[in-house]
Amino acid sequence: MPRDGQVLLRTRYLSLDPYMRGRMSDVPSYAPPVEVGGVMVGGTIGEVVESRADGLAPGDLVLAYSGWQRYGVARPAAVRKLDPDAGLPVTTALGVLGMPGFTAYAGLTQIGRPRPGETVVVAAASGPVGATVGQLARILGARAVGIAGGPEKSAYLRSIGFDAAVDHRSASFEADLAAATPDGIDVYFENVGGHVWDAVFPRLNPFARIPLCGLVAHYNETAPAAGPDRVQALMTAILKKSLTVRGFIQNEFAASLEPEFLQRATPWVRDGELQYRECFAEGLENAPEAFVGMLEGHNFGKLLVRVS
Ligand code: NDP
């Protein structure tokens, strides 16, 4: 039940995001893990069902952080009221116009900084971060190349304006990437690591910028991958090619950049210049299976759970 100054929220949608895997492990990270028996964290869209706070009334929809549960309580300062009549599905607040879209905007504009005509490559390209990176790259005048798993996802990337799309599950992946990047790679927006990084690495141009956003291929690993130590090769390339590798967590940029992002990206989404795709798991009880599937590429677009 809400206390004075709080609202009770019924969760409508829960966002499933790869960062949650880190909260399920006690390996030191930028955020503490969720305790066993605690509520798993997560972005949500909730409907106010009871209000003991000014400014929010029953029926209002808000962007919240209630986690994996059907009901949650929150203070108004911790949520953002959504306008269901704004001409866009409210779910976009968890995807293209939410944390993943903002991650793409921050990493590309603050670290990648593509110049017109440069080649930008992004992996996990059909997901909410990757698809936004590629389309923003086009908007900024660069050439966008997406890497995704399977021909259907690759075809989708071409349909939303990527200049080229490469299937990392294909036997000809490395050759296909070379053909798609004849002038090398100036910005590699890293979401994945693993064999995708191995294919990208030799194609990086001098002065390439690498916003290091995620390493989803490694999130389930419990020990270092087998094989030779490649740190030396990486350090040598960083030195000889003057590469910039810059890790970031999106909230570093939130205060300074989020208003600008929403102001610029909302009309792009409304006009269709920035397209997005969503996929849904039905019911909170199916969230764990959907989450595990996302880490294996079973999702096609921003993954959400329809909770109620
Ligand atoms: P996605 O919806 O793109 O889901 C993850 C995708 O990763 C899968 O669909 C799959 O796509 C791909 N993938 C999984 N395993 C592999 C593998 N072994 N090799 C290649 N691709 C793989 O997720 P998001 O768009 O939400 O997130 C993308 C990345 O951005 C993640 O790494 C995430 O952790 C990171 N991120 C970082 C933030 C930050 O602040 N730094 C904030 C938000 C996200 P496919 O089928 O194409 O292989």
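## What to know about the domain arrangement of the chain
Logical step 1: For the chain, the assigned domains are domain 1 (7–91 + 276–306) and domain 2 (99–251).
Logical step 2: For domain 1 versus domain 2, the distance between C-alpha centres works out to 27 Å.
Logical step 3: Every contact between the two is made by 14 residues of domain 1 and, on the other side, twelve residues of domain 2.
Logical step 4: Surface buried jointly by domain 1 and domain 2 totals about 1200 Å² across both partners, of which 63% is contributed by carbon and sulfur atoms.

## Here's the deal with the packing of aromatic side chains
Logical step 1: All told, the structure shown has nine aromatic pairs when counted by the stated rule.
Logical step 2: Measuring from ring centre to ring centre gives 6.1 Å for Tyr 188 and Trp 197, while their planes differ by 35°; the resulting arrangement is tilted.
Logical step 3: Taken together through their ring pairs, the aromatic side chains of Phe 102, Tyr 105 and Phe 261 make up a single cluster.
Logical step 4: Over the face of the ring belonging to Tyr 156 we find Arg 277, whose NZ or CZ atom lies 5.5 Å from the ring centre.
Logical step 5: Between Arg 277 and the ring centre of Phe 300, over which it is positioned, the NZ or CZ distance is 3.5 Å.

## Observations concerning unusual backbone geometry
Logical step 1: The backbone of Ala 124 shows a phi angle near 50°, a positive value even though the residue is not glycine.
Logical step 2: If you trace the backbone, Ala 124 turns up in the loop between strand 6 (119–123) and helix 3 (128–139).
Logical step 3: Overall, the relative accessible area of 34% leaves Ala 124 in the partly exposed class.
Logical step 4: Not every positive phi belongs to a glycine, and Ser 242 is a case in point at roughly 50°.

## Quick notes on the site of the ligand
Logical step 1: Close contacts around the ligand come from 29 residues, with Lys 153, His 168, Tyr 219, Gln 250 and Asn 299 the closest.
Logical step 2: Between an oxygen atom of the ligand and a main-chain N or O atom of Val 129, the distance comes to 3.0 Å.
Logical step 3: At 2.6 Å, a side-chain N or O of His 168 approaches an oxygen atom of the ligand.
Logical step 4: Broken down by secondary-structure element, the contributors of at least two residues to the shell around the ligand are helix 2 (99–112), helix 3 and helix 6 (194–200).
Logical step 5: For the shell around the ligand, the per-class residue count stands at 17 nonpolar, ten polar and two charged.
Logical step 6: For the shell around the ligand, the domains that each give at least three residues are domain 1 (7–91 + 276–306) and domain 2 (99–251).

## As for the environment of Ile 210
Logical step 1: With respect to the element layout, Ile 210 can be found in strand 10 (residues 204–212).
Logical step 2: On the accessibility criterion, Ile 210 (2% relative accessible area) is buried.
Logical step 3: Taking C-alpha positions, Ile 210 is 7.6 Å from Leu 243, a pair spaced 33 residues apart along the chain.
Logical step 4: With near-sequence residues (within four places) excluded, Ile 210 lies in contact with Tyr 188, Glu 190, Trp 197, Leu 204, Leu 243, Thr 244, Val 245 and Arg 246.

## Quick word on the sheet that holds strand 6
Logical step 1: The six strands are arranged 8-7-6-9-10-11 in an open sheet whose pairing can be described as parallel. Looking at strand neighbours, the two that pair on one side only are strand 8 (164–167) and strand 11 (244–247), the edges of this open sheet. On average, each strand axis in the sheet is tilted by 15° relative to the strand beside it, whichever way the strands run.
Logical step 2: Pairing of strand 9 (residues 185–189) with strand 10, which is carried by two bridges, proceeds in the parallel orientation. Looking across to strand 10, one finds that Ile 185 is bridged to Leu 204.
Logical step 3: Against the sheet, helix 2 touches strand 6, strand 9, strand 10 and strand 11, its axis set at about 145° to strand 9.
Logical step 4: The sheet strands contacting helix 4 (residues 151–159) are strand 7 (143–148) and strand 8, and the helix crosses strand 8 at an angle near 170°.

## Observations regarding the nonpolar core
Logical step 1: By size, the foremost hydrophobic cluster in this structure holds 37 residues, and its most contacted members are Leu 108, Val 133 and Leu 157.
Logical step 2: With seven residues, the top contributor of residues to this core is helix 8 (residues 251–271).
Logical step 3: Leaving out residues up to four positions away in the same chain, Val 133 has contacts with Ala 104, Leu 108, Val 120, Val 122 and Phe 189.
Logical step 4: Core analysis: the next-biggest nonpolar cluster, separate from the first, contains 22 residues, Val 166, Val 192, Val 196 and Leu 204 among them.

Conventions adopted
- Numbering of residues starts from 1 in every chain and runs along the sequence as written.
- Two thresholds apply to this predicted model, a pLDDT of at least 70 for residue-level local features and 80 or more for giving and counting side-chain atom pairs, whereas whole-chain, interface and lining totals are computed over all residues.
- Only hydrogens and water are set aside; all other atoms, that is, all heavy atoms of the structure, feed into the side-chain values.
- For each domain, the first and last residues come from an automatic or database assignment.
- Contacts: residue pairs with any heavy atoms within 4.5 Å of one another.
- Two parts lose some accessible area (1.4 Å probe) when they are put together, and adding that loss for both gives the buried area.
- Geometry of aromatic contacts follows a simple scheme: Phe, Tyr and Trp rings, the Trp one being its six-membered ring, pair when their centres are within 6.5 Å, and the pair is stacked under 30 degrees between planes, edge-to-face over 60, tilted otherwise.
- Counting as a charge over the ring demands two things of the Lys NZ or Arg CZ atom: a distance within 6 Å of the ring centre and an angle within 35 degrees of the ring normal.
- Helical segments are the DSSP runs of H or I of at least four residues, strand segments are the runs of E of at least two, and each set is numbered from the N terminus.
- Three exposure classes are used, based on accessible area relative to the maximum for each residue type with a 1.4 Å probe and protein chains only: buried under 20%, partly exposed in between, and exposed over 50%.
- By convention in these notes, a residue is near a molecule or strand provided one of its non-hydrogen atoms lies within 4 Å of it.
- Polar contact is the term for a pair of N or O atoms within 3.5 Å; when the atoms are in protein, one must be able to donate a hydrogen and the other to accept it, and sequence-neighboring residues count only if both atoms are side-chain atoms.
- Each residue is assigned to one class: nonpolar for Ala, Val, Leu, Ile, Met, Phe, Trp, Tyr, Cys and Pro, charged for Asp, Glu, Lys and Arg, and polar for all the others, Gly among them.
- Only when DSSP finds a minimum of two bridges between them are two strands counted as paired.
- All axes are obtained by fitting lines to C-alpha atoms, using only the stretch in contact for helices, and the reported angles, taken between N-to-C directions, cover 0 to 180 degrees.
- The criterion is simple. A nonpolar core is a set of buried Ala, Val, Leu, Ile, Met, Phe, Trp, Tyr and Cys residues joined through side-chain atoms within 4.5 Å.

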